[in-house]
Amino acid sequence: MALPLLPGASRDRNIGKEKFHKSQHWGYCNNVAMLVGEDKPGIGGEPLPGQKLKPKYSVFPEGIGSDAPAWVAFDKQVLSFDAYFEEEVPDQNQELYRIRHCKIYFYLEDDTIQVIEPQVKNSGITQGTIVRRHRIPLPPPYENQFYTIDHFNINIEVILYARKYKIIDCDQFTKHFLRKMGVRLNPPADRPDDPYTKERQKILDNMKPLRPYERIDTLKQFLEHDGHVLRFFCVWDDPKSMFHDPRELVLHYYLSDDTIDLKEIIPVNSGRDAVPLFLRRDKLPKYAPSELYQPGAITSRTVLNVFGKLGNRDRYILDNRKTGAVHQEFYRDSDLKVGAVINVWGRKIILCDCDEFTKEYYRTKYGIEDFTPVPYKTPSPPKPKIPFPPYTGFGSEEDSLCSCMGLLPKPPQKDFKKFMEKDRSGMQSNILRFLAKLTTDSPVDKDRKFIISYFLSDDTISVFEHTQQNTGIRGGKFLERGRIKKPGQELFKSEPSEYFKAQNLFVGARVCFHGHNFLLVDADEYTFNYMEKHANEFCMADIGVILKKLKDIAKPRSQEIRQVFAATDPEHTKVIEYDPFRSLIVDIADGAFSEHEIITLGRYYSVRDEYEIDLQFLLAVAQERLKKNSFENFEQLSAVLVYNDREKCGVLPHEMCRTVCKSFKLPLADDDLQALLTICLDGKEKTFV
């Protein structure tokens, strides 16, 4: 209770106050001085007499929720309410009022409202947007305020521009949002029906016939077989043709609607007119041409007259049994097969062959396996072989041969696919290198060493000589890179010359390059690994073929071979050096094995030296190569590895990890990548990811 305002009984009202600032209530708008701070408090932030200040925060305390502005926090969030309003219909006896259902959308980002009425068929009313999206003021006497989220709930009425809308329900998102805002939702209201619309629906229902309805549904067949076409290659022996030549046709059977069309294959310079179709697409009757039917005789449905001709009354019902229907038989997919003769409007056409899709369809559906084609073409005479003139010596042989292929000479085509597959890629050089020496009696040339490089991308060869001190011979490039012909071939001939291939080069081979005879005495590790990996191309590195040959040779002398091996290994270590092993194989084979085959056999049975991998050094080498090649796809690589780990166990098979790393083209050698993956093994041939 306040003290009376009497002398000596009142106290200073400013005792305990610390804020005495005044709010700015006046300002300028369009250069006009006006009141702009109606909601601002008085002195010290206290409300003026009769003034109600809005709370600074909503029902949620400070710190809960997003600090983003409304147009960001509530972007694309809309509250949807189901509502209706009544509209009077003057000067109408059928209806006195009309109930129109609509949707009220409240946009949270800017408190705008939109009212939309859904389209109703044959309503005769302009429907769609009733109230466009904008902020709607409250009804008088609060027209200076706008509708907010606090004015909406279920089972209430809102007035938008003097029209009363009754909200009956809302969607699930709106219910959740209003509950979070602290709004207690009312129970949903009933949705009333429009009396006139209900009456019209009764009239439409009475207009529907009560007879049994036969549904002819072809949608399932269309959806299952749309785009599936059976193709047969046919022939028609036209008896009325002047020369009785067979006419080739292509029959298409469309599985979506069981229709058939025919297209004729017209040969070049046959004298026939080119037409798009021999028979347009339609169902093909089996027994055509037949008698003509009157219009209306062939229908999809038939009816029966119940009363017949008794009196003047007629009553028809649908004939489900199709008693008086005209039945026509059409060709189906079961009637078509290779070797069958079909009737195409009086023309006997033989089905001679079909494509692979048609064969697979008949295998799956009917279990037919015999698709032997019917021969209908006389074999064409063999094309005469074009004789080519001999090589003139100008340019390359391929270029001279291309000038004989046509009137307009074209450059020879290179094997681009082979070039892309065998070109240098990362750490794969695709170059076979051999160590060679000259086969000569000259003491000066006997000790010269050469490096022969064979490029798999274009079958070219280059030769470099190893520089040796105090020999008097300058090393370096000995033979320019290019394709080398095999010796002993005629220069001016019509047939193309033979060139050295990769299969002609192996350790122990003797080759002649432009008059220089070389003996291949060794190869690098990459060459041995490549030839053993592609053993189907290099028989000298195929261990299966070598072992089979060795078995055939050594079978009669097996006891002697065991004794020789035992004598070579007196300490019974079951391991011998390579030189005694090579000498033994040479004695057994007696020249049947080349030097490369002996090396392959020794590599196959060799004992690999096990050494401990220096993890830190291996990681340093891998990081340096990744840094030099600017590899930055670590996030994508990790995502792919995690995606392949479907069981979420943290490990993947060794080969799968290697395949994924190869797909990202990691700039690491195969040995380094293999060593890194081996370190991460968990003991079950799986790699940690």
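Higher on the page you've got the structure.
The structure displayed is predicted, hence computed values, not measured ones.

*Asks:* Describe helix α5 (residues 356-366), with residues and values.
*Replies:* Note: α-helices contain 3.6 residues per turn, so residues at a spacing of three or four share the same orientation. Three or more residues of α5 are buried, namely T358, K359, Y361 and Y362. For α5, the arc enclosing every buried residue in end-on projection is 160°, short of the 170-degree limit, so these residues lie on one face. Facing away from the buried side of α5, by more than 90 degrees, are the exposed residues E356 and T364. For α5, the secondary structure elements touched by its buried residues are β9 (229-237) and β16 (347-354). G367, located one to two residues past α5, shows a positive phi value of around 70°.

*Asks:* Describe the sheet that holds strand β6 (residues 128-134), with residues and values.
*Replies:* Within the open sheet, the 6 strands sit side by side as β6-β5-β4-β3-β8-β7. Their pairing is antiparallel. In this open sheet, the two strands that pair with only one neighbour each are β6 and β7 (156-160). On average, each strand axis in the sheet is tilted by 30° relative to the strand beside it, whichever way the strands run. Sheet topology note: the strand β4 (residues 97-107)/strand β5 (residues 112-117) ladder contains 5 bridges and is antiparallel. Bridge assignment links Y105 to a residue of β5, and that residue is Q114.

*Asks:* I'd love a proper account of the pattern of salt bridges, names of residues and values included.
*Replies:* Taken as a whole, this structure holds 36 salt bridges when the rule is applied. For R625, the salt bridge identified is with D672, shortest N-O distance 2.6 Å. A residue pair is termed long-range when its members are at least 10 positions apart, and R625 in helix α13 (residues 615-628) and D672 in helix α16 (residues 670-679) qualify at 47 residues. Residue classification places R625 among the partly exposed residues on the basis of a relative accessible area of 26%. On the basis of relative accessibility, which here comes to 17%, the residue D672 falls in the buried class. A single network of salt bridges, built from pairs that share partners, joins E87, E95, R98, R100 and E117.

*Asks:* Pulling in residues and values, what's your account of the packing of α13 against α16?
*Replies:* Two elements in contact, α13 and α16, have axes whose closest approach is 11 Å; the angle formed by their N-to-C orientations is 130°. One element, α13, and the other, α16, form an angle in the oblique class. α16 is crossed by α13, and the crossing has left-handed handedness. The residues of α16 that touch α13, namely those facing L615, L618, L619, V621, A622 and R625, are D672, A675, L676 and I679. Split into classes, the residues belonging to the contact of α13 with α16 amount to 8 nonpolar, no polar and 2 charged.

*Asks:* Give a detailed account of the nonpolar core, specifying residues and quantitative values.
*Replies:* L432, I452, I461, V463, L505, F513 and F518 are the most contacted members of the largest nonpolar core, which has 30 residues in total. Every element with two or more residues in this core is listed here: β17 (431-438), β18 (449-455), β19 (460-465), β21 (510-513), β22 (516-523) and α8 (525-533). Here this core gets 4 residues from one element, more than from any other, and that element is β17. In contact with F513, not counting residues within four places along its chain, are I452, I461, V463, L479, I484, F500, L505 and F518.

*Asks:* Tell me about the sheet that holds β17, residues and numbers included.
*Replies:* Spatially, β20-β19-β18-β17-β22-β21 is the arrangement adopted by the 6 strands of the open sheet, whose pairing is antiparallel. Each having just a single partner strand, β20 (476-482) and β21 make up the two edges of the open sheet. Between one strand axis and the next, the sheet turns by 30° as a mean value, whatever way the strands run. Sheet topology note: the β18/β19 ladder contains 6 bridges and is antiparallel. Residue pairing across strands places F450 opposite E465, the latter belonging to β19. Across the sheet, α8 is in contact with β17 and β22; its angle to β17 comes to roughly 120°.

*Asks:* I'd like a rundown of the pairing of β7, residues and numbers included.
*Replies:* For β7 and strand β8 (residues 163-170), the ladder comprises 5 bridges, and the chain directions are antiparallel. Residue pairing for β8: I156 is matched across the bridge by I167. As consecutive antiparallel partners, β7 and β8 are separated by 2 residues, and within that stretch Y161 has a phi angle of approximately 55°, a positive value.

Conventions adopted
Residues numbered from 1 in each chain as written. Predicted model: local features only at pLDDT ≥ 70, side-chain atom pairs only at ≥ 80, totals over all residues. Heavy atoms only, no water. Buried < 20%, exposed > 50% of the residue type's maximum accessible area, 1.4 Å probe, protein only. Helix = DSSP H or I, 4+ residues; strand = E, 2+ residues; numbered from the N terminus. Arc of directions from axis to C-beta. Contact = heavy atoms within 4.5 Å. Pairing = 2+ DSSP bridges. Axes fitted to C-alpha atoms, helices over the stretch in contact; angles between N-to-C directions. Salt bridge = Lys/Arg side-chain N within 4 Å of Asp/Glu carboxyl O. Parallel < 35°, antiparallel > 145°, perpendicular 65-115°, else oblique. Left-handed = near helix turned anticlockwise from the far one by under 90°. Nonpolar A, V, L, I, M, F, W, Y, C, P; charged D, E, K, R; others polar. Core = buried A, V, L, I, M, F, W, Y, C linked by side-chain atoms within 4.5 Å.

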